[in-house]
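One-letter residues, chain by chain:
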Amino acid sequence: MHGRIKTRTTAEQEEIKRKERAKKVELYKAGIKAVFDKRHKAEKDEEALAVSAKLLTGNPDIYTLWNIRREVILHLKTCRSEEELDPLMHEELRLTEACLRTQPKSYGTWHHRCWVLDHMTDPPWKKELALCDKYLDYDERNFHCWDYRRFIVQRSGVTAEDELRFTDEKIATNFSNYSAWHLRSNLLPQVYPDPKGLKPIEDHQHQHEMELVTNAAFTDPLDQSAWFYQRWLLGRHVPQLKITHVIATKEIMCVAFDQSLNPASRNVMVKAFGNEGWQTVDGEVSAFVWKRVFLEEASMSDLTSQPIVLHLDGVETQVVTLQADKDQAWYKEKPVYEAGFSHGVTEVLCGVLESCETLLQLEPDTKWPLLTSVLLMQAVDRKSFKEQTLEYLDKLVKIDRLRANYYLDLKSRYLMEYQLEEWNLTGSFSVANLGLTALYHSQYLLLAQKVDLTGNLLSRSLPKLSSLQFCQELILDKNNLNNLKGFPCLPNLVTLSIKMNHISALEDIEPHITSCCVLTNVFIDGNPLSASYVFSNGAFKSK
């Protein structure tokens, strides 16, 4: 038995640990009480810093202790010189670094370090960048450190070119570094802007980025980081804001934009018989369509002779002149959904699409190549690849059930775009029996007099119908509607058909359509009500 180490039983070990924890808790409570007592007595001195430092080293997530330290430091700044305070601030940096070794993702610690640097006379920026490198080598997904690095870069004046080279290094080390890809997407428009302002980056660099990210994506097809970045490269650049179409009568004018806007914004102004009185058609803060009622009736000659002028940040950017017939004046512009890439970039995209198709032959049910193929086909030649695009989206719905609604909405968007490209923006518009789950680009329906939405699933999109300000006939048959909650005010609507839905009582629809001033026909045959009614003077009457 001699010379052997005594092995404690489990019960003995647990008891020792319990006593150690109890002692630590007792010391911790005593320390917290001491710090708060000093704060209550307004004793902002070195002792408060010393006690709080011991507590924070063990648990850096006590945000109140960091606040107390800042209170003490700000007090000491009023009674000490800069030379005396400099060692204290460097000690704060050493304390936060010690805390980060305990908890590298402590919100309070990273925030306090930023605060300290902002209150130093000569912050050690190079050292801080080196600290970022150290922690990102340790954990490249530490978003606290990425945020801190952005803070350091902004304060120290590191150039976008230097940061872009930093992302090169990080991506070369690990293609799966999502944060590096994200930072790269923010830097490229600064370093390589498109001279025409039509795309995020200029063509030559765009080709380089596509080749870079394609190598990354095909190195590990299941990793999502590179695929997300590739989607950013394929995204449509939002052009400068513009008016897409206008319709006006003697009493009212409606203007549609390619972006949702707030009429109260100081950055955007539309001048048309003055520049006041604009409001959104749906009553929301921001919308794609604005309207204004004329205080005095306008003649057709007035509407066609006075242009509509769009100002952005005080600069005139667009002038629109209306055409007119006897009752209405209008302006319309066909929507363009082509990606608009140059020939060189398109060739690169075609090569990537071929690579995706090769990968799909080996792994036909891989989500990311399928989705990327959809985006590539839309960017290369969306009309030629229409059927294949829809086929791939249907396949994605089956193999990625958790995101099925996203793919269905994306399919709805593309189908709406195809229909709008074929429409002449006047008269009747139909997307019947396409299975749409969302109504995209509804602002273009402002010019429609009849809209057929039969055979879709648009219960979530009823508020989007607010753009149909001049629509006289609306068909919502077979849309799985239980009620008309969210149905907008459509002042020119005469006929509404909601057959073959699941509406079981007039109370489910009547309160939502009373604002349609001229509505006279509401057809609801085939519902549980199984009858046809006429809506007149704000009430239903059976036919």
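None of these values were measured; they are calculated from a predicted model.

### Focus on the packing of aromatic side chains
1) Next: In the structure shown here, the tally under the stated rule is 13 aromatic pairs.
2) Next: Taken together, a centroid distance of 4.8 Å and an interplanar angle of 65° make the contact between phenylalanine 257 and tryptophan 290 edge-to-face. Of this pair, phenylalanine 257 sits in strand S2 (residues 252–261) while tryptophan 290 sits in strand S5 (residues 287–293), placing them 33 residues apart in sequence.
3) Next: Within the aromatic cluster, the residues linked to one another by ring pairs are Trp110, Tyr135, Tyr148 and Phe151.
4) Next: Taking NZ or CZ as reference, arginine 292 lies 5.6 Å from the ring centre of tryptophan 278, over its face.

### Overview of unusual backbone geometry
1) Next: In the Ramachandran plot, aspartate 313 falls in the positive-phi region, its phi being about 50° despite a non-glycine side chain.
2) Next: Its location among the elements puts aspartate 313 in the loop between strand S6 (308–312) and strand S7 (315–320).
3) Next: Overall, the relative accessible area of 58% leaves aspartate 313 in the exposed class.
4) Next: Look at asparagine 433: it is not a glycine, yet its phi comes out positive at around 60°.
5) Next: Its place among the elements puts asparagine 433 in the loop between strand S10 (427–430) and strand S11 (448–452).

### Structural notes on empty space enclosed by the protein
1) Next: What the rule picks out here adds up to two cavities of 30 Å³ or more.
2) Next: Val35, Lys38, Arg39, Glu43, Lys44, Ala48, Ile68, Glu71 and Val72 together form the lining of the largest cavity.
3) Next: Among the secondary structure elements, those contributing two or more residues to the lining of the largest cavity are helix H1 (10–40) and helix H3 (63–77).
4) Next: Class assignment of the residues belonging to the lining of the largest cavity gives a composition of four nonpolar, no polar and five charged.
5) Next: Quantified by volume, the second largest cavity comes out at close to 30 Å³.
6) Next: Looking at the second largest cavity, the residues that line it are Pro200, Ile201, His206, Trp232, Leu233, Gly235 and Phe341.
7) Next: Considered class by class, the residues forming the lining of the second largest cavity number five nonpolar, two polar and no charged.

### Overview of the sheet that holds S5
1) Next: Strands sit in the order S4-S5-S2-S1-S9-S8 across an open sheet of six strands; the sheet is antiparallel. What marks the edges here is a single partner per strand, and that holds for strand S4 (279–280) and strand S8 (323–324).
2) Next: Bridging between strand S1 (residues 243–248) and S2 involves five bridges; their strand directions are antiparallel. Opposite isoleucine 243, over in S2, you have phenylalanine 257 as the bridge partner.

What counts as what
Residues take numbers from 1 onward in each chain, read along the sequence in its written order. In keeping with the predicted nature of the model, local features appear solely for residues at pLDDT of at least 70, side-chain atom pairs appear and are counted solely at 80 or more, and the whole-chain, interface and lining totals rest on all residues. Just so you know, side-chain values use all the structure's heavy atoms and leave hydrogens and water out. Stacked, edge-to-face and tilted are the three classes for Phe, Tyr and Trp ring pairs, Trp counted by its six-membered ring, which pair at centre distances within 6.5 Å; planes under 30 degrees apart are stacked, over 60 edge-to-face, the rest tilted. Going along the chain from the N terminus, every DSSP run of H or I of four or more residues is numbered as a helix, and every run of E of two or more is numbered as a strand. The criterion is that NZ of a Lys, or CZ of an Arg, lies within 6 Å of the ring centre and within 35 degrees of the ring normal, and then a charge sits over that ring. Burial status follows relative accessibility: with a 1.4 Å probe on protein chains alone, a residue under 20% of its type maximum counts as buried, one over 50% as exposed, and anything between as partly exposed. Using a 1 Å grid laid over the protein atoms alone, points where a 1.4 Å probe fits but cannot get out form a cavity; open sets with protein on both sides within 12 Å along at least 5 of 7 lines form a pocket; any residue with an atom within 4 Å of a point counts as lining. Grid points are joined across faces, edges and corners, and a volume is the space filled by probe spheres set on the points. Think of it as three bins: nonpolar holds Ala, Val, Leu, Ile, Met, Phe, Trp, Tyr, Cys and Pro, charged holds Asp, Glu, Lys and Arg, and polar takes everything else, Gly as well. Whether two strands pair comes down to DSSP finding at least two bridges between them.

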